[in-house]
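Reading the structure
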Amino acid sequence: MTKQIERISNEIKEFPKYLKDWAKTFKGGLTVLCLIGLFLMPLVTTSPYFLGIFILAMIYSIYAASWDFLAGFVGKVSFGQAIFFGLSGYITAASLKFIHYPWWGALIFGSLFAALVGLIIGLITLRLKGPYLALGTMVIAIILQKLFALYELKPLLWGDEGISGIPPLSTNAIEVYYVILIFMIISFIVMIKLTKINIGIIFRSIRDDETGSDASGINTVKYKIIAFMISSIFAGIAGGLFVMINRAVNPLIFQSLYSFYPIVMAALGGIATISGAALGAFIFVFLGEIVRDLADPLFIFSIVLILIVRFASEGILKSALERLKEFWDVLIGR
Amino acid sequence: MNNLLEIRKIYHYYGKARALEEINLTIEDGALDAVIGPNGAGKSTLLRVISGLEEPDRGKIEFLGERIDDLKAHKIAKKGIAHCPERRRLFYDMTVMENLEMGAYTLKDRKKFQELLGFVFEVFPRLKERKKQRAGTLSGGEQQMLAIGRAIMANPKLLLLDEPSLGLAPKIKNKIFDTVNKIKKEGTTTLLVEQDAVLAMEVGETIHLLEEGKIEMRGTKEQLEKEPRIKKVYLGI
Amino acid sequence: MGVILEVKNLTKKFSGLTAVNDFSFEIKRGEFVGLIGPNGAGKTTIFNLISGFEKPSSGKITFNGKDITNMKPFKIVNLGIARTFQIVRAFKFMTLLDNIKVSCLSTRGKELAKQYGIDESASSILAAVGLVDKARIPPVILPHGDLRKLQIGKALGTNPQLLLLDEPFSGLSHEEQQGITELIKKLHDDGVTVFMTGHVLRELMHLVPRVIAMNQGKYITEGPPQEVANNKIVLEAYLGKGSEQLA
């Protein structure tokens, strides 16, 4: 026990130096630059439109990262991430509008509910492998969409009109921006850290060889469920924030498109990187805005997906980083 | 006598596991040779490398003077090598007749087809009885007969038989080996791979003993029986 | 020396095929035993049954007096039985060190690692199997012999009392086989009970003092390798009927 306390206090003492060393590395420095950029964005523009694009990108970053965590690090590919996104959205919306929770209370409530659902879905889909897991999660999302749109269940589930007129997180767009930026940073720090510590090693062993992991004495059932819950809680955070930005939620939040978004974004940025999810989300959202008046988003999205699969199956992050690093090395004359 | 098949310094790996190491083997035209050895020695791998299902990592294989180690399996089949694989691998949903027809896929000569079919039904009358039966419903022994029949239908110059006695009762085993002898009498060169050393040595003219991917020794039945090596190879001690 | 593993009337049927048929044997603590039989005899099925990857149709398996017949694999590992696989398994996208660490993170492995920490524990296991200089490399680049060593290392991470080695020599060159033999001998000397099976009998038959022979799911005989290799039924199983003259 004392050894662990010793280790943790050492880590805390070393932290500032660790941070400095990390910032000096190429990846670290780049990340710091991006973060500084994001922090300073509201000084560049206070237009709700532009800030809104960034806000959407940051929310989608968390959403995409939640999927990447499960798929890239535990090897469980979900085609129904919208289950948690949407359920948390509904719970958050309902708590805000009908129970008058403060925004952070509603968000906690929604996310915890998403985690609970993650536990249940994890248990249900436990024995499903590969394509069957994908199908199973997809089907559940479709069921939810139909369920929440049912006229007969309107008194309970609000029907196809959903919940609207949700009180905002804040009337000040800049406040909203910074709140969501903080959420994004914390979510990423937590998810990345999880992949690096011991439990991350266990998760990756399940991804690489589940039977082998069993044979190594790991209770893979327990850890698969934990992984599902982690993934769902972050998808839930994204869902709750999403709903608060839109001030409304309806059954369309469960549509397959919303389950595919995080997949495309994570694939774009690079699966099994977590940070790639952010890159993918930002590119995706910006691309979406640029071509919004030109074509249907589903069409754009399909083209992007085909291009990724054909040309950049590892995602953009790794190769882009490599090119940038080469460029940087040349620049500083290495 | 010509060498129908010449294998020179063949090496093959499955990923990193070595399966065949410096195999040198020749088969004369018209011979009935056998490869024996314990399980995992590489017997099936050897046949797969010859028939093109696996590409050897190193070495040369020549069939009738022509190099075949770099050819795809279907091209090798067209040249006249028929491979009857381990555990039969029939088209289980097709009938006996259809399986035999599939075996003659590369055969253009209609007359030859009838001739071969006649031969197959002569050595395996049970197949004639069950012409229209689905292959998956045949007994183990009948399935093995069909597998060999299918290979014969390709009118091969070289027939590769992979463990035809696997999983069969002794009576059927003997029947199969009688047929192998008959095939030889018709003039087809055969390379037989068998785990059952005793049976293989009964029929084979030249026996090659394979151990861990290497040819440990070769010779006639009498030569091999004099050596205690076979037991040592199979049982390690 | 007490009995560490007891297998009683073990039977496993797969839709019509009886892979293991009323099989019984026992292994004493600290022993070094081999299981032999021709292809399809049921050796790997027996290993799968003991390690929990298959459920028996009937019969009982007892480990240190505890009934483990229908237990889940990871629970059996945490009681003290570790196994390797015939076809090498590794966590292919993780470093060798991390591969071992996974085992050290099992409940049983953590107990062993408590004193020195998981990293040190994993490192010392890597050193024990002779792979410490490749700690940061992923398994993809390794030669086959090293992969077999890695498997044994992964098993060691769970601090096993009984080690089941499924074909540890398959696909290896003679030098590589010798390396594995040295390693297994050392483990046995350290007190681990070793139960191994294989087709490559050249090493195995000179390594173990006792061998159990099986064919078509059934127990044939057991005893010192020399005796078993001369047993009529064993010879027939491997070489075919009428093989006495080859003995």
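The structure contained in this document is the topic of the report that follows. Only a predicted model underlies this, so the values are computations on that prediction, with no experimental measurement involved.

Check the secondary structure of chain B and you find 10 helices and 10 strands. At 17 Å, chain B has a C-alpha radius of gyration in line with the 18 Å of a compact globule built from 237 residues. By its C-alpha atoms, chain B is 50 × 40 × 35 Å across when sized along the principal axes. Expressed as a percentage of the 237 residues in chain B, the buried residues total 46%. Look at the contacts in chain B between residues 6 or more apart in sequence, and 66% of them connect residues 24 or more apart.

Turning next to the interface of chain C and chain A. Taken together, the contacts link 23 residues of chain C with 16 residues of chain A. For the side of chain C that touches chain A, the secondary structure elements donating two or more residues are α2 (73-79), α3 (96-104) and α4 (107-113) of chain C. Taken together, the residues of the side of chain C that touches chain A sort by class into 9 nonpolar, 7 polar and 7 charged.

Looking now at the interface of chain C and chain B. Every contact between the two is made by 27 residues of chain C and, on the other side, 20 residues of chain B. Those elements that provide at least two residues to the side of chain C that touches chain B are α6 (144-156), α8 (201-207), α9 (225-230) and α10 (232-239) of chain C. Here the element with the most residues in the side of chain C that touches chain B is α8 of chain C; it accounts for 5 residues. Among the residues making up the side of chain C that touches chain B, the classes are represented as 13 nonpolar, 12 polar and 2 charged.

This part is about the pairing of strand β6 (residues 81-84) of chain B. Residues and elements named next belong to chain B. Here β6 shows a buried face lined by Ile81 and His83 and a second buried face lined by Ala82 and Cys84. Here 4 bridges tie β6 to strand β7 (residues 158-162), and the two strands are oriented parallel to one another. Opposite Ala82, over in β7, you have Leu159 as the bridge partner.

What follows concerns the arrangement of the chains. Ranking by contact count across 2 pairs of chains in contact places chains B and C at the top. Where chain A comes nearest to chain B, the C-alpha atoms are still 18 Å apart, and the two do not contact one another.

All right, on to the packing of helix α5 (residues 103-124) of chain A against helix α11 (residues 220-246) of chain A then. For the pair α5 of chain A and α11 of chain A, the least separation of the axes is 7 Å and the interaxial angle reads 145 degrees. Crossing angle aside, the handedness with which α5 of chain A passes α11 of chain A is right-handed.

Calculation rules
Residues numbered from 1 in each chain as written. Chains lettered and ligands numbered in written order. Predicted model: local features only at pLDDT ≥ 70, side-chain atom pairs only at ≥ 80, totals over all residues. Helix = DSSP H or I, 4+ residues; strand = E, 2+ residues; numbered from the N terminus. Rg over C-alpha atoms; globule rule 2.2 N^0.38 Å. Buried ≥ 20, exposed ≤ 12 C-beta atoms within 10 Å, placed from the backbone. Contact = placed C-beta atoms within 7 Å. Nonpolar A, V, L, I, M, F, W, Y, C, P; charged D, E, K, R; others polar. Pairing = 2+ DSSP bridges. Axes fitted to C-alpha atoms, helices over the stretch in contact; angles between N-to-C directions. Left-handed = near helix turned anticlockwise from the far one by under 90°.

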